[in-house]
Structures are given as structure tokens and as C-alpha cells.
Amino acid sequence: MRTLESVMENDPELFSYAKKELARQREGLEMIPSENFTSETVMQAVGSFLTNKYSEGYPGKRYYGGNEFIDGIEMLASARAKKLFGVPHANVQPYSGSPANLAVYFATCKTGDTIMGQNLTDGGHLTHGWKTSATGQLFRSVPYHVKADGYMDIDEARRLAKENKPKLIWVGSTAYTREFPFEEFSEIAEESGAYLAADIAHIAGLVAAGVHKSPAKYVHIITTTTHKTLRGPRGAMIMVTDKGLEKDPELAEKVDKAIFPGMQGGPHDHVTAGIAVALKEASSPQFKEYASQIVKNSRALAAQLLESGVSLVTGGTDNHMLLIDLTKYGNGMGVFAQDALEAAGITVNKNTIPGEPSSPFYPSGVRLGTPAITTRGMKEPEMREVGVMIAKVLVEIQKYSLPEKEKRADYLKAFRSEINANATIRGIRGEVVKLCSKFPLYPGFEM
Ligand code: DSN
């Protein structure tokens, strides 16, 4: 099947970038834990005429005509989300995770109110109150942290909630490799009278498949993106739980109003269609197997890395993600590891670690995960191979160190050119291409 055929004919300039991107995805190990390869069915729905419609409002209450069938699509997506996650209300219109989270603030707080979330450099998300995000500027943010062992500091969160009486507490984050303590946070929120929102963007697929505990019983609101472990198109959802409606019977309307007209205009109906498809796929027995393999792979990879002498925050993982602590090679080594791994064809992202001794731009860790390579069909034996390759790449960065600010640009330029020419890295690049060829990605696509 030719893909993007019309783009090839009509916009060769764009086509050449797209063609290279498909080759990059096919020939490399995609290990950024928030990325995945969505199905061809999802892509067909998203890449369709469903992009043509305006439908501000909600099913049956639109500000534009011609929405009979778009209403059907949105109700289908919402019904599937409610069933899959066991909640009475699901808004499928948020454009992405950050606007979804901001809408939760507008549904539950007034600007200036106190909120709590996991600190960014401890694995939290920007939208959980970090100072450079609107959420840290419009609200009084009191962050909680992880302990020295990398696990969530529940005692600190309880103490901070008692002292500060937040209006909203977030549980769930972007760089935490252990099960989220939803139950404990539900007690903390109850003690302080706060709304509790679970951000399950990273683990939504694991929750849908029953591989991670569901927050539905414990929290008032659940937000998620749809493109990470859930393997759908790039979008998001906000769900209100039974517990949420008990606390505030108007919570569902407040959430809907916060999205439209509060923050957004017309929903992206083609994405809503893709979300509907992804939710159907995520309800299947095959998806359960997939999600459970993600975690098996993550654990196998962690075991191999540890055996090869690589340090992991918390010493392992319960989910799809691992966080490598690079401090034994020096502070701020995340960029070196990310670039060296990329030269070897392994895509990860530099990331802060708990107690980060450097900075978010030059952090001391890398975050990686197994959702995308599990979609390709890789299993434990391949994870052991990948673990050995990653450990070998990390040996190659050990002679470098992050210089002072003024010298960084030149030093990193020289590092990148050396690492691209490094014989070991080039050898690993060859092994990566060979491994990937055994697990073809979108084999039917020709460009
Ligand atoms: N960018 C997402 C991630 O990589 O975790 C969070 O927004």
C-alpha cells in the first residue's frame, strides 16, 4: 500500500521529510516512554475527511449545523472511555494533555488557590504547578517530592496538605517508575478537603488493561493523553469518577464548561474518531497481552541494565518506564547519554532525577521505556540485547564531563562529532538496524 501518495505527487518537499521520518522510526529503537506506534486504523480515522467539520459545543448542543454524525462519533468515543475506565463521565475534546490539565484547574479552583503536585525535578509534570507553567503562575503551588530512594514521599505530601489546605491535589506524573499510591493520596485529599486528580497520561494503557491499579475508586477526576501507552492518536480526555460526582454533583458540567467555552473552540473531530478507534482496540484481549508485555519487557530491560552496572532510580520499575541515574559519571550527563544513544539509533530523552544536582536542561538522567518497541513485537530476549547495547553506549560517554556554561556549546559540538565517528557506537548502530529489521514497522507502507 502506498502511503502519502498524494503528498508525494503534490508536495514533494514535505514528502521527503515524511519519508525520512518513516525510515527513522523503522530503523531505530524508539524508547521515549511517552511515545508509541498507533495502528493503521487509528491513522486512517485521523487522516480523513473528518478533519473538515466545526462542532463547538457538545453532542446535541452544538453551535454549528451538520453535526448529526459527528455527534455519533463523539458519543461513541465518550461511551467507550466510560466503559473502559469505569467512570460516569468522559470529555474527549481536550486538544492534548496540558490543556486538559489546565481545564481541571478551571473546573475546581479560582486563580490564586493553593494546589499540590509532584515536583517537576522529582518526576512531576509541568502542568502540576511548576513555576514556568501557567499552572505555577496562576495558582499557589506547593510541590511534594520523592524520597532519597526515589519513591514518593507520602508522609511529606500528607504534612504539606494538612498545613496548606490545597484546593486541588495531583497524583500521577511523567517520570515515576513505580505504582502510583492512589489510595494513600485519596486519604490525604479527604483529610484536607481537596479535589484529587489523577494524571494517568503515561499509564493509561496499563490501567485500561488492568496491569496498573486503576485510580477510578480513589480520585475525583482522571486526565490522560491518548497517545502514550493507550496507543491512540495525539489527544486527551478528562474523566469524572463516581467519587467526583459524590463530592460535587456539578463536577462533570464544570469540566465540560472549562474545556468549551472556557479554553477551547472547535474540537478536533478527526482526532476524536481516532480516540474512539483506540479505545475499541484497548478493550481487546490482545491489548491486555500487549500491556502486560510492556511491563515484562520493562522489568527484563531493568534487570539487564542493572546486571551491566547501570544505576536505576528506585532500583527498577513497576511500569513501562525506567529512569537511569548517570551521576556516577558526573552531573548533567543526560545530554551526553541521550545524544550517544541517538547516534546508536536508540531514542530516549534526557531527564532530571530525584534531588537533581544539575538542571532540567542539563539533567543527570535519561528516561526510557518499552511501549513502542513492545508494539513492534519485541520481548524479553530482545530487551536483554537492548540492555547490553545501552550499557555499552554509556561506557563511551564516561570520558566526557559537562563544562561550565560558557564552554558548553563548543564542547558539546566536539562531543557530538566524536560520538558520531566512534567505532563502538557505529557498531551498535548496525546491531540496532539488524534488530529492527526483524520487527518490521508498518510493513505494508511503501513510500
Ligand atoms: N511530554 C510528555 C512526556 O514525555 O512525558 C509529558 O507531557
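Use the structure listed above.
Everything numeric here is computed off the predicted structure, so don't read it as measured data.

**Student:** Please give an account of the overall build of the chain that cites residues and values.
**Tutor:** Counting its secondary structure elements, the chain contains 18 helices and 14 strands. Dimensions of the chain, computed from C-alpha atoms along their principal axes, come out at roughly 60 × 60 × 45 Å. The contacts in the chain between residues at least 6 apart in sequence include a share of 73% that link residues at least 24 apart. In the structure as shown, the chain presents an accessible area of about 18,700 Å², 52% of it carried by carbon and sulfur atoms. Side chains of the chain give 51 positive and 52 negative charges; the mean places of these two sets differ by 1 Å.

**Student:** Mind laying out the sheet that holds strand β11 (residues 321–325), listing which residues take part and the relevant values?
**Tutor:** Strands belonging to one sheet form pairs held by backbone hydrogen bonds; the direction of such a pair is parallel or antiparallel. Taken in spatial order, the three strands make up an open sheet running β11-β14-β13, and their pairing is antiparallel. This sheet does not close on itself; its edge strands, each paired only once, are β11 and β13 (349–351). Averaged over neighbouring strand pairs, the angle between their axes works out to 35° when direction is ignored. Where β11 and strand β14 (residues 365–369) come together, five bridges link them in antiparallel fashion.

**Student:** Outline the pairing of strand β10 (residues 236–240), supporting the account with residue identities and numerical values.
**Tutor:** Counted residue by residue, β10 has five buried out of five residues, so it is predominantly covered. Burial of the side chains of β10 extends over both faces: A236, I238 and V240 are buried on one face and M237 and M239 on the other. Alignment of strand β4 (residues 89–91) against β10, held across three bridges, turns out to be antiparallel. By the bridge assignment, A90 is partnered in β10 with M239.

**Student:** Can you explain the pattern of salt bridges? Please cite residues and give values.
**Tutor:** Tallying each qualifying case throughout the model produces 15 salt bridges. Between R2 and E446 there is a salt bridge; the shortest N-O distance is 3.9 Å. Remark: E446 occurs in the segment after α18 (423–437) and R2 occurs in the segment before α1 (5–10); sequence separation between them is 444 residues. Overall, the relative accessible area of 35% leaves R2 in the partly exposed class.

**Student:** Would you mind going over the side chain of N101 in detail, with residue names and values included?
**Tutor:** Along the chain, the position of N101 falls in helix α5 (residues 97–108). Note on N101: relative accessible area 1%, which makes it buried. Within the structure, N101 has its side chain in polar contact with the side chain of T127 (distance 2.9 Å). At a separation of 3.0 Å, a polar atom in the side chain of N101 contacts the side chain of D199.

**Student:** An account of the packing of aromatic side chains is requested, with residue identities and associated values reported.
**Tutor:** Within the structure shown, the criterion is met by 17 aromatic pairs. A centroid spacing of 6.1 Å and a plane angle of 80° characterise the contact between F336 and Y411, whose relative ring orientation is edge-to-face. Taken together, the residues span a long stretch of sequence, with F336 in helix α14 (residues 334–343) and Y411 in helix α17 (residues 408–421) at a distance of 75 residues. Overall, the relative accessible area of 27% leaves Y411 in the partly exposed class. When the ring centre of Y195 is taken as reference, the NZ or CZ atom of K247 above it lies at 4.8 Å. Of note, R408 hangs over the ring of Y362, and the distance from its end group to the ring centre comes to 4.6 Å.

Each value, and the rule that gives it
Residues numbered from 1 in each chain as written. Predicted model: local features only at pLDDT ≥ 70, side-chain atom pairs only at ≥ 80, totals over all residues. Heavy atoms only, no water. Helix = DSSP H or I, 4+ residues; strand = E, 2+ residues; numbered from the N terminus. Contact = heavy atoms within 4.5 Å. Areas by Shrake-Rupley, 256 points an atom, 1.4 Å probe, with all protein chains shown as cover. Lys, Arg positive; Asp, Glu negative; His and termini not counted. Charge placed at Lys NZ, Arg CZ, Asp CG, Glu CD. Pairing = 2+ DSSP bridges. Axes fitted to C-alpha atoms, helices over the stretch in contact; angles between N-to-C directions. Buried < 20%, exposed > 50% of the residue type's maximum accessible area, 1.4 Å probe, protein only. Salt bridge = Lys/Arg side-chain N within 4 Å of Asp/Glu carboxyl O. Polar contact = N/O pair within 3.5 Å; in protein donor to acceptor, adjacent residues only side chain to side chain. Phe/Tyr/Trp six-rings, centres within 6.5 Å; stacked < 30°, edge-to-face > 60°. Lys NZ or Arg CZ within 6 Å of the ring centre and 35° of its normal.

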